Amino acid sequence: MRLIPLSSDTETRPTPAMREAIAAALVGDEQRREDPTVIALEERVAVLLGKEAALWMPTGTLCNIVAMRLHTRPGEVVVADARSHVIRAESGGPAVHSGVLFEPVDTERGVFGPEALEAALAKAGGLPPPWGSRASLVCVEQTHNFSGGSVWPLPTLQAMSEAARARGLALHMDGARLMNAAVATGVPAAAYAACMDSVWIDFTKGLGAPIGAVMAGSREFVERARAAKHLFGGAMRQAGIAAAGCLHALDHHVERLADDHAHARRLALGLAAMPDLRLMDAEPPTNIVYFAPVPGHRLDAAALARALLDRGVRLSVVQGWLRAVTHLDVSADDIEFALSATREVLAA
Ligand SMILES: *Cc1c(COP(=O)(O)O)cnc(C)c1O
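Parameters at a glance
Residues numbered from 1 in each chain as written. Predicted model: local features only at pLDDT ≥ 70, side-chain atom pairs only at ≥ 80, totals over all residues. Heavy atoms only, no water. Salt bridge = Lys/Arg side-chain N within 4 Å of Asp/Glu carboxyl O. Helix = DSSP H or I, 4+ residues; strand = E, 2+ residues; numbered from the N terminus. Buried < 20%, exposed > 50% of the residue type's maximum accessible area, 1.4 Å probe, protein only. Pairing = 2+ DSSP bridges. Axes fitted to C-alpha atoms, helices over the stretch in contact; angles between N-to-C directions. Contact = heavy atoms within 4.5 Å. Near = heavy atom within 4 Å. Polar contact = N/O pair within 3.5 Å; in protein donor to acceptor, adjacent residues only side chain to side chain. Areas by Shrake-Rupley, 256 points an atom, 1.4 Å probe, with all protein chains shown as cover. Left-handed = near helix turned anticlockwise from the far one by under 90°. Nonpolar A, V, L, I, M, F, W, Y, C, P; charged D, E, K, R; others polar. 1 Å grid on protein atoms, 1.4 Å probe; cavity = no way out; pocket = protein on both sides within 12 Å on 5 of 7 lines; lining within 4 Å. Points joined across faces, edges and corners; volume = space filled by probe spheres on them. Expected span 1.5 Å × (residues − 1).

Now for the pattern of salt bridges. A complete count under the given rule lists 20 salt bridges for this structure. In this structure, Glu118 engages Arg167 in a salt bridge whose closest nitrogen and oxygen atoms are separated by 2.5 Å. Separated by 49 residues along the polypeptide, Glu118 in helix α6 (residues 114–124) and Arg167 in the loop between α7 (154–166) and β6 (170–175) bring together distant segments of the chain. With a relative accessible area of 29%, Glu118 lands in the partly exposed category. Owing to a relative accessible area of 47%, Arg167 belongs among the partly exposed residues under this scheme.

Here the residue pair Gln142 and Thr143 is connected by a cis peptide bond, since its omega of -10° sits within 30 degrees of zero. Among the secondary structure elements, Thr143 is positioned in the loop between β5 (135–141) and α7. Notably, Arg33 is not glycine yet its phi reads approximately 65°, a positive angle. For Arg33, a relative accessible area of 35% gives the class partly exposed. A positive phi angle is found at Ser91, which is not glycine, with a value near 60°. Its place among the elements puts Ser91 in the loop between α4 (85–88) and α5 (93–98).

Attention shifts here to the sheet that holds strand β10 (residues 288–293). What the 4 strands build is an open sheet, ordered β9-β10-β13-β12; its pairing is antiparallel. What marks the edges here is a single partner per strand, and that holds for β9 (277–279) and β12 (316–318). For this sheet, the mean angle separating the axes of adjacent strands, direction not counted, is 40°. Two elements, β9 and β10, share 3 bridges in a ladder whose sense is antiparallel. Within β10, the residue paired with Arg278 across the bridge is Ala292. Contacts from helix α13 (residues 301–310) reach β9, β10, β12 and β13 (321–325), with the element oriented near 40° to β13.

Contacts to the ligand come from 14 residues, most closely from Gly60, Thr61, Asp174, Asp202 and Lys205. At 2.8 Å, a backbone N or O of Gly60 approaches an oxygen atom of the ligand. When the ligand is considered free in solution it has 380 Å² of accessible area, and contact with the protein chains removes 86% of it. Among the secondary structure elements, those contributing two or more residues to the shell around the ligand are α3 (60–71) and β7 (198–202).

Once that is clear, we can look at the packing of helix α2 (residues 36–48) against helix α11 (residues 240–252). It is at 8 Å that the axes of α2 and α11 come closest, and there the two elements cross at 35°. Handedness of the crossing formed by α2 with α11: left-handed. Residues Thr37, Val38, Ala40, Leu41, Arg44, Val45 and Leu48 of α2 form the contact with α11, whose participating residues are Gly240, Ala243, Ala244, Cys246, Leu247, Leu250 and Asp251. For the contact of α2 with α11, the class distribution of residues is 10 nonpolar, 2 polar and 2 charged.

Turning to the layout of surface pockets, a few remarks are in order. Taken as a whole, the largest pocket spans an internal volume of roughly 190 Å³. In terms of lining residues, the largest pocket is bounded by 20 residues, among which Gly60, Thr61, Trp200, Asp202 and Lys205 are the most central. Those elements that place two or more of their residues in the lining of the largest pocket are α3 and β7. With 3 residues, α3 is the largest single contributor of residues to the lining of the largest pocket.

A turn of α-helix holds 3.6 residues, and therefore any two residues three or four places apart point the same way. Taking 1.5 Å as the rise per residue, helix α12 (residues 257–272) with 16 residues should run 22 Å; its terminal C-alpha atoms sit 23 Å apart, in good agreement. Along α12, the positions that sit buried rather than exposed are Leu257, Asp260, His261, His263, Ala264, Leu267, Ala268, Gly270 and Leu271. The secondary structure elements touched by the buried residues of α12 are α8 (178–185), β9, β10, β13 and α14 (332–347).

Right, let's get into α8. For α8, the set of buried residues is Leu178, Met179, Asn180, Ala181 and Ala182. Against the buried residues of α8 lie α2, β6, α9 (189–193), β7 and α12. Gly186 lies just past α8 and shows a positive phi near 80°.

Turning our eyes to something else, we now look at the environment of Ala239. With respect to the helices, strands and loops of the structure, Ala239 is situated in the loop between α10 (219–231) and α11. Sequence separation of Ala239 and Trp56 is 183 residues, and the distance between their C-alpha atoms is 8.8 Å. In this structure Ala239 touches Gly28, Glu30, Asp35, Val38 and Trp56, once residues within four positions along its chain are discounted.

Let us now look at the pairing of β10. Of all 6 residues in β10, 6 are buried; the element is thus mostly enclosed. Of the two faces of β10, the one carrying Ile288, Tyr290 and Ala292 and the one carrying Val289, Phe291 and Pro293 are both buried. Pairing analysis gives 4 bridges linking β10 to β13, with the strands arranged antiparallel. Residue Ile288 lies in a different strand from β13, and its bridge partner there is Val325.

Spelled out as structure tokens, the structure:
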């Protein structure tokens, strides 16, 4: 039985056309800057994000590790939404690799403006040296995974960024799904990126490539990031094999993210019609839908997910919610199937 792969947009498999592009890739030694496909991808992402330069990375997690390492010194404070990936889902990496502490910001949907930033900085820097610690970095997640794929509106991001820069803070964007935000709003990715010192996009989420992320910034930042990537063991050899899939994704899988967003909205609409369920967001802004049985229901989120798995629909469970993520391996028919499976489980 085929499992409908709604648990994550990382479940995408390379398409036959992407596999052809991968098979035909020109390659060289990436560590020595001799891989033409990697270099082409870096140049393309630098332009896409409006930055001077960009750097091939094996994973998005390594982008966050390297950026945090470069923007901070041990003992400094990073401001980020309390449910952001860097705090909740990276094995404590920021503490291990960079020795930083977080000032988590409680937000509705992963988004905060200049006032919330100022409040966080007031807490972080509540005491003068030598007691207090210096805040040096703000991390932004676009879109915000654990807030239902929410999008930072550009004016909010600009205002927050201006306030952070006025305080001498660096800004980093975890743009794992930045292209989803750009497609959903029509705002160019470069406009969001302009508010940031460093920004990366993931190719292994909705863009559907098997391996790769690319981080962009100033030429000077990217040169330092290249050294830090080597330090953390992320420098590669014939990485063009993977980068070819990413170039293919930029050519063929960006505009179609709109289909994923339509599928997420259709799923949410169908789920919202079921009185046994509540949704985090009745109109999901991008490709992530969070829902849960209403409080007191005979099924909790984990039990509902297990029952759906038995019927061929795979979802993930995140902090008491079921999470469904749409992507290029989930069709409109799959959404209808998932909805009828949910109806059946709830009626059983
Ligand atoms: C997936 C993800 C990451 C990590 O990216 P990998 O390429 O899987 O290492 C970081 N941040 C967010 C918001 C993500 O969704």
